[in-house]
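Reading the structure
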Amino acid sequence: ELAGVAAAVAAKPQAWPTDAIAQVRAVADALAASAAPLSVDDITARFKARGPWKKRVPALLDMLVALGRARERDGRYSAL
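In what follows, the accompanying structure is described. (Residues numbered from 1 in each chain as written. Predicted model: local features only at pLDDT ≥ 70, side-chain atom pairs only at ≥ 80, totals over all residues. Heavy atoms only, no water.)

**Considering the overall build of the protein**
We apply this condition: Put simply, DSSP H or I for four residues or longer makes a helix, DSSP E for two residues or longer makes a strand, and each gets a number counted from the N terminus. Whether a residue is buried, partly exposed or exposed follows from its accessible area with a 1.4 Å probe, protein chains only, as a fraction of its type maximum: under 20%, in between, or over 50%, in that order. Contact between two residues is taken to exist if any of their heavy atoms lie within 4.5 Å; hydrogens are not considered. Reported accessibility uses the Shrake-Rupley method at a 1.4 Å probe radius. Residues are deemed covered only where the shown protein chains occlude them.
Looking only at helices and strands, one finds 4 helices and 4 strands in the protein. Put simply, the protein runs from its N terminus to its C terminus through helices and strands in the order α-β-α-α-β-α-β-β. Scored against the burial criterion, the 80 residues of the protein give a buried share of 29%. Of the contacts formed within the protein by residues at least 6 apart in sequence, a portion of 55% connects residues at least 24 apart. By element, 55% of the accessible surface of the protein is carried by carbon and sulfur atoms, the whole surface being about 5,300 Å².

**Focus: the packing of aromatic side chains**
Under the convention used in this document: Two rings from Phe, Tyr or Trp (for Trp, the six-membered ring) form a pair when their centres are within 6.5 Å of each other. A pair whose planes differ by under 30 degrees is stacked, one over 60 is edge-to-face, and the rest are tilted.
One pass over the full model with this rule turns up 2 aromatic pairs. For the ring pair W16 and F47, a centre distance of 5.1 Å and an interplane angle of 75° mean the geometry is edge-to-face. On the criterion of sequence distance, the pair formed by W16 in the loop between β1 (14-15) and α2 (20-33) and F47 in strand β2 (residues 47-48) is long-range, its members being 31 residues apart. For the pair W16 and F47, a shared accessibility class is recorded, and that class is buried.

**Details of the pattern of salt bridges**
For clarity, the cut-off: Salt bridges, as used here, are contacts in which a Lys or Arg side-chain nitrogen is within 4 Å of a carboxyl oxygen on Asp or Glu.
Scanning the model with the defined rule gives 1 salt bridge in all. One salt bridge in this structure joins D42 and R76, with 2.9 Å as the shortest N-O distance. Here D42, found in helix α3 (residues 40-44), pairs with R76, found in strand β4 (residues 76-79); they are 34 residues apart in sequence, far enough to count as distant. Classification of D42 as partly exposed rests on a relative accessible area of 24%. Owing to a relative accessible area of 34%, R76 belongs among the partly exposed residues under this scheme.

**A word on unusual backbone geometry**
Unlike most non-glycine residues, D74 shows phi in positive territory, near 55°. Topologically, D74 is positioned in the loop between β3 (70-73) and β4.

**Details of the nonpolar core**
What counts, and what does not: By convention a nonpolar core is built from buried Ala, Val, Leu, Ile, Met, Phe, Trp, Tyr and Cys residues, the set being connected through side-chain atoms within 4.5 Å.
In terms of nonpolar packing, the biggest core is built from 17 residues, with W16, V27, L31, I43, F47, L61 and L64 touching the most fellow members. For this core, the secondary-structure elements that each account for two or more residues are α2 and α4 (57-66). Apart from residues no more than four positions distant in its own chain, L64 is found in contact with V24, V27, A28, L31, R69 and A70.

Take a look at the structure:
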């Protein structure tokens, strides 16, 4: 069932925000909306944009972990 949910979400990716604060919020919202921990690839599959935006996602996740808004375990992230 989780694969079906992930496929449905990946089928309709949202536009990646251009504003840095909105990017943090978008990643936090993606974590909060997921019942299961997400990998970086799971998160980037939820968004679309041109350019090297995917390179920012690991740093945004690290920021959320440092701020106590997310947890990382075995390369997968979940909201707190």
